[in-house]
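Below are the chains, spelled out letter by letter.
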Protein chains: 2
Amino acid sequence: MNKLQPLFYAVIFTSKLTGVAIEDYERNAAKMEDLCAQQPGFLGMDSARSEVGITVCYWQSLADIENWRSHLDHKSVQEKGIEIWYESYDVKVCLVEKHYSFVKN
Amino acid sequence: MNKLQPLFYAVIFTSKLTGVAIEDYERNAAKMEDLCAQQPGFLGMDSARSEVGITVCYWQSLADIENWRSHLDHKSVQEKGIEIWYESYDVKVCLVEKHYSFVKN
């Protein structure tokens, strides 16, 4: 991730899929990833899936998170998620208090 | 995850592996997962790996996080991680301010 600010927010989204309409899910997930990255206050995103899927998005402010949560295209995909794709999910909105990194030389 | 408290902490650990000594890495990762879950203040853990690995651990307090970070067995594995297994990693210590879930009926 990049464009980091001294204080910023993380939204941790963990999910288990039903396995229904998986191609449709993947197409929409990719679309949402692109759209999310265009929103004001977006700082970066990490995503991985094993038994559980984890996506962490980083934002400048709570207002930016709320804007993205209530974005019309995002809301309609959220509804499909609840109806079709997700067995369960969990959202945590967090203030990042400390941040450190290692990169091999 | 379970045993959630109204206010709790998340440690987001994202990493890229070198691919060196991967079996040794996996053995140690499993051992650390077990040991971590036995620490005071541990509330839960989610883990997934695709191109990037993401592990999120949940804790009751910053003191619990610091205890685990400085646990002797954990420290010696951290050192091996820097020397051998990790291309890069990133640690974020976060206060969870909001939390909501969906489970399909």
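Residues numbered from 1 in each chain as written. Chains lettered and ligands numbered in written order. Predicted model: local features only at pLDDT ≥ 70, side-chain atom pairs only at ≥ 80, totals over all residues. Heavy atoms only, no water.

Draft legend 1. Focus on the nonpolar core. Judged by nonpolar contacts, the single largest core of 22 residues is most densely connected at Ile12(A), Ile54(A), Val56(A), Ile12(B), Ile54(B) and Val56(B). Contributing elements (two or more residues each) for this core: strand E1 (8-17), strand E2 (42-49), strand E3 (53-59) and strand E4 (86-103) of chain A together with strand E1 (8-17), strand E2 (42-49), strand E3 (53-59) and strand E4 (86-103) of chain B. If near-sequence neighbours (up to four positions away) are discounted, Ile54(B) is found in contact with Asp46(A), Ser47(A), Ala48(A), Ile54(A), Val56(A), Ile12(B), Phe13(B), Thr14(B), Asp46(B), Ser47(B) and Ala48(B). (Core = buried A, V, L, I, M, F, W, Y, C linked by side-chain atoms within 4.5 Å. Buried < 20%, exposed > 50% of the residue type's maximum accessible area, 1.4 Å probe, protein only. Helix = DSSP H or I, 4+ residues; strand = E, 2+ residues; numbered from the N terminus. Contact = heavy atoms within 4.5 Å.)

Draft legend 2. Main features of helix H3 (residues 72-85) of chain B. Residue and element names in this part refer to chain B. Across its 14 residues, H3 extends 19 Å between first and last C-alpha, which sits within 8% of the 20 Å expected from 1.5 Å per residue. Within H3, the full set of buried residues consists of His74, Val77, Gly81 and Trp85. Taken end-on, H3 shows its buried residues confined to a sector of 65°, consistent with a single buried face. Exposed residues on H3 whose side chains face more than 90 degrees from its buried face are Leu72 and Glu83. Buried-residue contacts for H3 involve E1, helix H1 (22-37), helix H2 (62-69) and E4. (Expected span 1.5 Å × (residues − 1). Arc of directions from axis to C-beta.)

Draft legend 3. Here's a closer look at the relation of the copies chain B and chain A. Mapping chain B onto chain A calls for a screw motion: a turn of 180° about the axis and a shift of 0.0 Å along it, with 0.0 Å RMSD after fitting. Here the copies are linked by what is in effect a two-fold axis. Both copies contact each other with a shared surface, as 100% of the interface residues of chain B are interface residues in chain A too. (Least-squares fit on C-alpha atoms with pLDDT ≥ 70 in both.)

Draft legend 4. A look at the environment of Ala48(B). On the secondary structure map, Ala48(B) appears in strand E2. The buried category is assigned to Ala48(B), whose relative accessible area is 5%. Sequence separation of Ala48(B) and Thr14(B) is 34 residues, and the distance between their C-alpha atoms is 9.8 Å. Not counting chain neighbours up to four residues away, the residues in contact with Ala48(B) comprise Ala48(A), Arg49(A), Ser50(A), Val52(A), Ile54(A), Gly53(B) and Ile54(B).

Draft legend 5. Quick peek at the interface of chain B and chain A. Counting residues at the interface gives 40 residues for chain B and 40 residues for chain A. Interface of chain B and chain A: buried area, both sides summed, is about 3400 Å²; carbon and sulfur atoms make up 59% of it. Of all residues in chain B, the largest losses of buried area upon contact with chain A belong to Tyr100(B), Phe102(B) and Lys104(B), amounting jointly to 20% of the total for that side. Along the contact surface separating chain B from chain A lie zero salt bridges. Where chain B meets chain A, there are 23 residue pairs in polar contact (both at pLDDT 80 or more). Among the elements of the structure, E1, E2, E3, H2, H3 and E4 of chain B are those that each provide at least two residues to the side of chain B that touches chain A. If you tally residues by element for the side of chain B that touches chain A, the top one is E4(B), at 18 residues. Considering only residue class, the side of chain B that touches chain A consists of 23 nonpolar, seven polar and 10 charged. (Buried area = accessible area lost by both parts, 1.4 Å probe. Salt bridge = Lys/Arg side-chain N within 4 Å of Asp/Glu carboxyl O. Polar contact = N/O pair within 3.5 Å; in protein donor to acceptor, adjacent residues only side chain to side chain. Nonpolar A, V, L, I, M, F, W, Y, C, P; charged D, E, K, R; others polar.)

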